[in-house]
Amino acid sequence: MPELPEVETIVRGLARAVSGRRIAEVRVEMAGSVVNDLPGDFAETLRGERIESVTRRAKFVVMRLGSGRALTVHLRMTGRLIVEAQPQEDAYSRLRLRFEDGGWLRFSDVRRFGRVRLTADGAWAAGLGPEPLDPAFTPEALRGLLEGRRTPIKSLLLDQSRLAGVGNIYACEALYLAGIHPKRRAGGLSKARVERLHAALIRVLGRAIRMRGSSIDDYVDAEGLRGGFQNTLAVYGREGLSCRRCHAPIKRVTLAQRGTFYCPRCQR
Ligand SMILES: [Zn+2]
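Residues numbered from 1 in each chain as written. Predicted model: local features only at pLDDT ≥ 70, side-chain atom pairs only at ≥ 80, totals over all residues. Heavy atoms only, no water.

(A) Representation of the layout of surface pockets. Roughly 420 Å³ of internal volume is contained in the largest pocket. Lining the largest pocket are 24 residues; nearest its centre among them are Met1, Pro2, Met77, Ile169 and Asp217. Put simply, the parts of the chain that give the lining of the largest pocket at least two residues each are helix 1 (4–18), strand 6 (79–84) and helix 5 (168–178). With three residues, strand 6 is the largest single contributor of residues to the lining of the largest pocket. Residue composition of the lining of the largest pocket, grouped by class: 12 nonpolar, five polar and seven charged. Per-domain counts for the lining of the largest pocket show at least three residues from each of domain 1 (4–125) and domain 2 (139–262). (1 Å grid on protein atoms, 1.4 Å probe; cavity = no way out; pocket = protein on both sides within 12 Å on 5 of 7 lines; lining within 4 Å. Points joined across faces, edges and corners; volume = space filled by probe spheres on them. Helix = DSSP H or I, 4+ residues; strand = E, 2+ residues; numbered from the N terminus. Nonpolar A, V, L, I, M, F, W, Y, C, P; charged D, E, K, R; others polar. Domains from an automatic or database assignment.)

Here you go:
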């Protein structure tokens, strides 16, 4: 599933490719993949709109439209947004937009969990926690989120209502970098450890964005390029392999139904 760095990479590519372009034609190829919060038909309502900007909120791609409305995409497991000069054959295509100046945007989704939603103001992405890369997200802000919480720190990092955009890969990697055991009680971390975790989150996410995300499954960005961060993972997906720091074998446990990887010696 694309996490913050992958969605950020997709958004940067899309912003370059589709900002300022007007939608001339809307082809809904699978009705269940689109949701319309506005009165009327999805295609009819969207046609003629200009895409003003493309931004990211958590793991959502938010395209602001000329009318002030928003077209928000949640890629979920296998959703992809592809910019192309000509519409390509694709059995998994769910929605295609043709722009006035030629060129297409295709939403393709093998597993069909992804959604494209038309809303009055982009409110779909409401109820989410702060963005970890926002300057307002300080070590004190993280401490405030953790305070009094009895959940394991790893599970709390995945809770989108607490912190937006961090998924399984980057939670595992940040906890390794900070030297914190994933099962530690969130509220029980010392001030120094919270500061280390804060720095680790920002460092891991920033590095992953610079490397254009992780291509663990079939993730590619809007330009069809694979990410590079998967080659530098310290713990995620490395069960039984030796820790890059201490050479102990990496362990895997299940926490809140998610495979969790850590070094039993480096993470306490
Ligand atoms: Zn280690």
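(B) Looking closely at the nonpolar core. Ranked by size, the top nonpolar core spans 42 residues in total, and within it Ile153 and Leu197 carry the most contacts. Look past the residues within four positions of Leu197 in its chain and what remains in contact with it is Leu142, Ile153, Leu157, Ala174, Leu175, Ala178, Ile180 and Leu189. Val34, Ile51, Met63 and Leu95 belong to the second largest nonpolar core, which has 30 residues in total. (Core = buried A, V, L, I, M, F, W, Y, C linked by side-chain atoms within 4.5 Å. Buried < 20%, exposed > 50% of the residue type's maximum accessible area, 1.4 Å probe, protein only. Contact = heavy atoms within 4.5 Å.)

(C) Up close: the packing of helix 1 against helix 6 (residues 191–210). Look at helix 1 against helix 6: their axes get within 9 Å of each other, and the N-to-C directions meet at 40°. By the angle class used here, helix 1 and helix 6 are oblique. Handedness of the crossing formed by helix 1 with helix 6: right-handed. Of the residues in helix 6, those touching helix 1 at Leu4, Pro5, Glu8, Thr9 and Arg12 are Leu205, Ala208 and Ile209. Split by residue class, the contact of helix 1 with helix 6 holds five nonpolar, one polar and two charged. (Axes fitted to C-alpha atoms, helices over the stretch in contact; angles between N-to-C directions. Parallel < 35°, antiparallel > 145°, perpendicular 65-115°, else oblique. Left-handed = near helix turned anticlockwise from the far one by under 90°.)

(D) Summary view of the coordination of the zinc ion. The zinc ion binds to the protein through Cys243 (SG), Cys246 (SG), Cys263 (SG) and Cys266 (SG), with metal-donor distances spanning 2.2 to 2.4 Å. Of note is the zinc ion, whose four donor atoms meet at the metal with angles of 99 to 114° in an arrangement that counts as tetrahedral. Written as a sequence motif, the donor residues of the zinc ion are C-x2-C-x16-C-x2-C. Of the two residues, Cys243 sits in the loop between helix 6 and strand 10 (251–255) while Cys266 sits in the segment after strand 11 (258–262), which places them 23 residues apart along the sequence. Using a relative accessible area of 1% as the deciding quantity, one classes Cys243 as buried. (Donors = N, O, S within 2.8 Å, 3.2 Å for Na, K, Ca; no water. Tetrahedral: all angles 85-135°; square planar, octahedral: opposite > 155°, others 65-115°.)

(E) Spatial organisation of unusual backbone geometry. Even without glycine at this site, Arg212 takes up a positive phi of about 65°. Positive phi is not limited to glycine here, since His247 has a value of about 70°. Within the element layout of this structure, His247 appears in the loop between helix 6 and strand 10. With a relative accessible area of 59%, His247 lands in the exposed category.

(F) Inspection of helix 1 at higher detail. Taking 1.5 Å per residue, 15 residues should reach 21 Å; helix 1 reaches 20 Å between its end C-alpha atoms and fits that length. Across the 15 residues that make up helix 1, a large majority, 11, are buried. Listed in full, the buried residues belonging to helix 1 are Leu4, Pro5, Glu6, Val7, Glu8, Thr9, Ile10, Val11, Gly13, Leu14 and Val18. (Expected span 1.5 Å × (residues − 1).)

(G) How the structure looks around the side chain of Glu6. Topologically, Glu6 is positioned in helix 1. One polar contact links Glu6 to Tyr170, side chain to side chain, over a distance of 2.5 Å. If we skip the residues at most four places from it in the chain, Glu6 touches Tyr170, Gly213, Ser214 and Tyr219. (Polar contact = N/O pair within 3.5 Å; in protein donor to acceptor, adjacent residues only side chain to side chain.)

(H) Structural context of the pairing of strand 3 (residues 51–57). Two elements, strand 3 and strand 4 (residues 60–65), share six bridges in a ladder whose sense is antiparallel. Residue pairing in the sheet places Arg57 in a bridge with Phe60 of strand 4. Between the end of strand 3 and the start of strand 4, which pair antiparallel, lie two residues, with Ala58 showing a positive phi angle near 55°. (Pairing = 2+ DSSP bridges.)

(I) Layout of the pattern of salt bridges. In total, this model carries 19 salt bridges according to the counting rule given. The salt bridge partner of Arg16 is Glu223, with a shortest N-O separation of 3.3 Å. One end of the pair, Arg16, is in helix 1; the other, Glu223, is in the loop between helix 6 and strand 10, and 207 residues separate them in sequence. Judged by relative accessible area, which is 42%, Glu223 ranks as partly exposed. (Salt bridge = Lys/Arg side-chain N within 4 Å of Asp/Glu carboxyl O.)

Functional significance is not addressed by these values, which are geometric in nature.
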